[in-house]
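Take a look at the letters that make up each chain.
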Amino acid sequence: NAGVTQTPKFQVLKTGQSMTLQCAQDMNHNSMYWYRQDPGMGLRLIYYSASEGTTDKGEVPNGYNVSRLNKREFSLRLESAAPSQTSVYFCASSEGEDYEQYFGPGTRLTVT
Amino acid sequence: GENVEQHPSTLSVQEGDSAVIKCTYSDSASNYFPWYKQELGKGPQLIIDIRSNVGEKKDQRIAVTLNKTAKHFSLHITETQPEDSAVYFCAAKPMYQFYFGTGTSLTVIP
């Protein structure tokens, strides 16, 4: 039982490059989330998926797209990376919207 | 949207002393208030949570209090130990998403 896994752990991109961050959970959770964490700003929600087949914007969705591939997997795509997207990205899952969220170990992304 | 403020941003206590972290929120629709602990290089982990129909909740050395009228909630850690050193985040949930505070870096001095 691995919980929430994220790949890659570290990534360096040049401005304008694209990449997809992968997230998978093995807890049969319905809801999944993508957050970014910046120094002094806490965690901010980028996108979430309340259930398989649905996705919704969070607080800071600009510059990102998501795909809920199936119940287990939720990916985050940066189409054209910008230095402002340098951050640590966390994926989380929960049984439902009113339940505890379980976080992955994070992906540290640097855009130069 | 919801605005969650968290204080202090850093806190140092002697081992065995108590630590208190406070959060305020703005949206009266918020009804779920979790607290997370984040160790260096790891993702946040839930340590305790409280719902709006409860005023206080305890779990061993950790307690959370909620004052809905004043829109604030607090984390209390008693008999602190060096392994309590971490960053702590509060959060509030009004409708569909969580809003997090900016974190408190707690250092417990042996």
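Procedures and definitions
- Residues numbered from 1 in each chain as written.
- Chains lettered and ligands numbered in written order.
- Predicted model: local features only at pLDDT ≥ 70, side-chain atom pairs only at ≥ 80, totals over all residues.
- Heavy atoms only, no water.
- Disulfide = S-S within 2.5 Å.
- Helix = DSSP H or I, 4+ residues; strand = E, 2+ residues; numbered from the N terminus.
- Buried < 20%, exposed > 50% of the residue type's maximum accessible area, 1.4 Å probe, protein only.
- Polar contact = N/O pair within 3.5 Å; in protein donor to acceptor, adjacent residues only side chain to side chain.
- Contact = heavy atoms within 4.5 Å.
- Pairing = 2+ DSSP bridges.
- Buried area = accessible area lost by both parts, 1.4 Å probe.
- Nonpolar A, V, L, I, M, F, W, Y, C, P; charged D, E, K, R; others polar.
- Axes fitted to C-alpha atoms, helices over the stretch in contact; angles between N-to-C directions.

### Brief notes about the state of the cysteines
Where two cysteines share a covalent bond between their sulfur atoms, that bond is called a disulfide.
Right, so step 1: As enumerated under the stated definition, the model contains 2 disulfides over all chains in all.
Right, so step 2: Between Cys23 of chain A and Cys91 of chain A runs a disulfide, and the two sulfur atoms are separated by 1.8 Å. In this structure the cystine formed by Cys23 of chain A and Cys91 of chain A twists about its S-S bond by roughly -70°; its chirality is therefore left-handed. Note that Cys23 of chain A is positioned in strand E3 (residues 19–25) and Cys91 of chain A in strand E9 (residues 87–94), a separation of 68 residues in sequence. Each of the two residues, Cys23 of chain A as well as Cys91 of chain A, counts as buried.
Right, so step 3: Between the sulfur atoms of Cys23 of chain B and its disulfide mate Cys90 of chain B the distance is 2.0 Å.

### Re the side chain of Ser49 of chain A
Residue and element names in this part refer to chain A.
Right, so step 1: With respect to the element layout, Ser49 can be found in strand E5 (residues 42–49).
Right, so step 2: Polar contacts involving the side chain of Ser49 include one to the main-chain carbonyl oxygen of Ser51, which spans 3.0 Å.
Right, so step 3: Side-chain polar atoms of Ser49 contact the side chain of Arg68, separated by 2.7 Å.
Right, so step 4: Once residues lying within four places of it in the same chain are set aside, the contact partners of Ser49 are Asn30, Ser31, Met32, Thr54, Thr55, Arg68 and Phe74.

### Notes on the pairing of strand E2 (residues 10–14) of chain B
Residue and element names in this part refer to chain B.
Right, so step 1: Alternating residues of E2 divide into Leu11 and Val13, all buried, and Thr10, Ser12 and Gln14, none buried.
Right, so step 2: Where E2 and strand E11 (residues 104–109) come together, 5 bridges link them in parallel fashion. Counted as the bridge partner of Thr10 is Ser105 from E11.

### Details of the interface of chain A and chain B
Right, so step 1: Counting residues at the interface gives 20 residues for chain A and 18 residues for chain B.
Right, so step 2: Buried area between chain A and chain B, both sides added, is near 1,600 Å², and the carbon and sulfur share of it is 53%.
Right, so step 3: Remark: the boundary between chain A and chain B carries 2 residue pairs in polar contact (both at pLDDT 80 or more).
Right, so step 4: Listed by contribution, the elements that provide at least two residues to the side of chain A that touches chain B are strand E4 (31–38), E5 and strand E10 (101–103) of chain A.
Right, so step 5: Considering every element that reaches the side of chain A that touches chain B, the biggest residue donor is E5 of chain A, with 4 residues.
Right, so step 6: Tallied by class, the residues present in the side of chain A that touches chain B amount to 9 nonpolar, 6 polar and 5 charged.

### What about the sheet that holds strand E7 (residues 62–67) of chain B?
All names here are of chain B.
Right, so step 1: Strand order across the open sheet formed by 5 strands is E1-E3-E8-E7-E6, with antiparallel pairing between neighbours. Each having just a single partner strand, strand E1 (4–7) and strand E6 (56–59) make up the two edges of the open sheet. Across the sheet, the axes of successive neighbouring strands diverge by a mean angle of 15°, strand direction being ignored.

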